[in-house]
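Structural overview for review
Listed below are the residues making up each chain.
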Amino acid sequence: MTPLPSGATAALGMLIHTPAVPRFPCRMAPIWLIGFLVLALSSIYCTVLHPKQEMWFQGLFPSNMCPANASAYTFYGIMFDAGSTGTRIHIYTFVQKNPEQLPELEGEIFESVKPGLSAYASEPKKGAETVRILLEMAKEAVPPSHWKKTPVVLKATAGLRLLSEQKAQALLLQGMIPRIVREVFEKSPFLVPDNSVGIMDGCYEGILAWITVNFLTGQLYGQNQQTVGTLDLGGASTQITFLPRFEETLEQTPVDFLSSFEMFNSTYKLYTHSYLGFGLKAARLATLGALEIKAVDGQMLRSSCLPKQLEAEWHFGGVKYQYGGNREGETGFEPCYAEVVKVVQGKLHQPDEIRRSSFYAFSYYYDRAADTNMIDYEKGGVLEVRDFERKAKEVCDNMDMYTSASPFLCMDLTYITALLKEGFGFGDNTLLQLTKKVNNIETSWALGATFHLLQSLGLTH
Ligand SMILES: O=c1[nH]cnc2c1ncn2[C@@H]1O[C@H](COP(=O)(O)OP(=O)(O)O)[C@@H](O)[C@H]1O
Ligand SMILES: [Ca+2]
């Protein structure tokens, strides 16, 4: 193909990804025609429309290409989420239209790889290589002129906190993975702040995800703020966060479950807690009894939540587990629920108020609801807590029909049911808004963490 004129390349690159853009039906239009169209549209956009109106071609033009818009300033932030099951990169674009206003979030590029860094306990270099490959994407997404002022940070969550003691010593205390990942960052052209690689304290995970969801749903600014609570279910830990509405909630809550912070000129006192070991995969290990025995090698771990004839191996956090069904005993929802409920019963704080609120739920809540067609995979949906129980019964009592997806499906749905009902104390009819993205931005703590990062570097007001 003929190379495109340089000015048009970026615009056309974006044009390919913009669904509303009409495509030429058969043959490519001549280059001069494309060039002319780009110039015409950009001049209409810059002189007449921007920033008053949204048009289908608005996304084609970086805000700072218009001379009339010279004061608008585009900047970027790169956040790595090193979770227990995978590593993810979030590349955010912000536009500051004038110094008095808050910057606007223009978009996000997101990519993920599996497994997470904790699976590379014995080969940290390979782990760091996954980070390097993801960082290459950022070089494509951020213009070279912005590389030096674009910060890059990696925060590890529960996965690295849960590693067996010996491996955690090697990795964390001697700082193997953090050191090598930091080297990858230093070799990149991006801005590497102090403490650019670290482990995130569990309580921030909940607060930052709450900030993300409430920012994206428009609840952190303007009048009539009605914030929503958030539920995140990771592989190793789970978080619950909400803004208490009743004085009694504040009085009845242990102080270490309450956190105050200031954002966009308001102070919020949040109820938040991260339960380490209560993520979906950690709960599988707890249900199987794997956490109580010293050496799991060679031990067959059995459960009534698994298909009767199943015998298999599972690698998690650098450890190999052998697991299987109850060959001789019972299987199905009832015995499974009895097993799973022991993992949560009496172990979590139950704030009364949440029975009367609705929550946004994401990560594994979303994945398992989508896997079983309770919600649309792309759009998400609204469920009641009892819908998880209904689906768990259906799957566990007909295990042979569902095992092609995952042998753990019955156990996972039963755990989600038990966690919501017996763990947090939600009512059967509590509403859950299952959400993966809001306005095309991932619901994850990463955006909240990026706001915090940019603010601490003085890149925003
Ligand atoms: O930014 C995201 N977008 C989509 N899914 C995510 C994102 N962050 C986490 N998840 C989901 O969270 C679940 C795993 O959680 P994770 O690996 O973060 O465990 P952890 O929080 O216990 O360390 C998976 O279902 C994964 O798809
Ligand atoms: Ca997570």
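Residues numbered from 1 in each chain as written. Chains lettered and ligands numbered in written order. Predicted model: local features only at pLDDT ≥ 70, side-chain atom pairs only at ≥ 80, totals over all residues. Heavy atoms only, no water.

In the nomenclature of an unreviewed UniProt entry, the protein chain corresponds to nucleoside diphosphate phosphatase from the organism Alligator sinensis. UniProt lists a comment for the protein chain under the heading Subunit (unreviewed entry), and it reads "Monomer; active form. Homodimer; disulfide-linked. Homodimers are enzymatically inactive." The protein chain has a UniProt comment under Sequence similarities (unreviewed entry) that states "Belongs to the GDA1/CD39 NTPase family." (UniProt positions renumbered as here; feature names shortened; annotations may be inferred.)

Regarding its fold elements, the protein chain presents 15 helices and 17 strands. Buried residues in the protein chain amount to 52% of all 461 residues. Long-range pairs, those at least 24 residues apart, make up 69% of the contacts in the protein chain between residues at least 6 apart in sequence. When the accessible surface of the protein chain is totalled, it reaches about 22,800 Å², and 52% of it is carbon and sulfur. (Helix = DSSP H or I, 4+ residues; strand = E, 2+ residues; numbered from the N terminus. Buried < 20%, exposed > 50% of the residue type's maximum accessible area, 1.4 Å probe, protein only. Contact = heavy atoms within 4.5 Å. Areas by Shrake-Rupley, 256 points an atom, 1.4 Å probe, with all protein chains shown as cover.)

Within the structure, ligand 1 sits among 21 residues, and T85, R88, T157, D367 and E442 are positioned closest to it. One of the side-chain nitrogen or oxygen atoms of R88 is found 2.8 Å away from an oxygen atom of ligand 1. Look at ligand 1: alone it shows 550 Å² of surface, and the protein chains cover 90% of it. Listing elements by their share of the shell around ligand 1, those giving two or more residues are β2 (87-96), α4 (158-162) and α11 (364-371). (Near = heavy atom within 4 Å. Polar contact = N/O pair within 3.5 Å; in protein donor to acceptor, adjacent residues only side chain to side chain.)

Summed over all chains, the structure comprises 22 salt bridges. For R132, the salt bridge identified is with E136, shortest N-O distance 3.7 Å. In this pair, R132 and E136 are both assigned in helix α3 (residues 124-141), four residues apart and thus about one turn of the helix distant. Since its relative accessible area comes to 35%, R132 is described here as partly exposed. Residue classification places E136 among the partly exposed positions, given a relative accessible area of 35%. Between K421 and D428 there is a salt bridge; the shortest N-O distance is 3.2 Å. You can call K421 partly exposed: its relative accessible area is 21%. Residue D428 is classed as partly exposed on the basis of its relative accessible area, which comes to 32%. Ionic contacts of the salt-bridge type, sharing partners, join the residues E129, R132, E136 and K139 into one network. (Salt bridge = Lys/Arg side-chain N within 4 Å of Asp/Glu carboxyl O.)

Negative charge collects at one region of the surface, where E247, E248, E251 and D352 lie side by side. Following the sequence through the fold, E248 ends up in helix α8 (residues 247-252). Relative accessible area serves as the criterion here: at 44%, E248 is assigned to the partly exposed category. (Patch = residues over 30% accessible without salt bridge, like charges linked within 9 Å, V, L, I, M, F, W, Y side chains within 5 Å. Lys, Arg positive; Asp, Glu negative; His and termini not counted. Charge placed at Lys NZ, Arg CZ, Asp CG, Glu CD.)

Quick look at the packing of helix α9 (residues 280-288) against helix α14 (residues 409-424) now. Relative orientation and spacing of two packed helices are given, respectively, by the angle between their axes and the distance between those axes. It is at 10 Å that the axes of α9 and α14 come closest, and there the two elements cross at 100°. Considering the angle they form, α9 stands roughly perpendicular to α14. For the pair α9 and α14, the contacting residues are L280, A283, R284, T287 and L288 in the first and M411, D412, Y415 and I416 in the second. (Axes fitted to C-alpha atoms, helices over the stretch in contact; angles between N-to-C directions. Parallel < 35°, antiparallel > 145°, perpendicular 65-115°, else oblique.)

What follows covers the sheet that holds strand β13 (residues 359-363). An order of β8-β9-β7-β6-β13-β15-β14 is seen for the seven strands of this open sheet, with the pairing classed as mixed. Both edges of this open sheet fall to β8 (258-263) and β14 (381-384), since each of them pairs with a single strand only. Averaged over all neighbouring strand pairs, the angle between strand axes comes to 25°, with direction disregarded. Taken together, the five bridges between strand β6 (residues 229-233) and β13 define a ladder with parallel strand orientation. Pairing of T230 across the sheet is with Y360, part of β13. Sheet contacts for α11: β6, β7 (237-242), β13, β14 and β15 (431-434); angle to β13, the most-contacted strand, approximately 80°. Packed on one face of the sheet, helix α12 (residues 385-396) meets β14 and β15 and runs near 80° to β14. (Pairing = 2+ DSSP bridges.)

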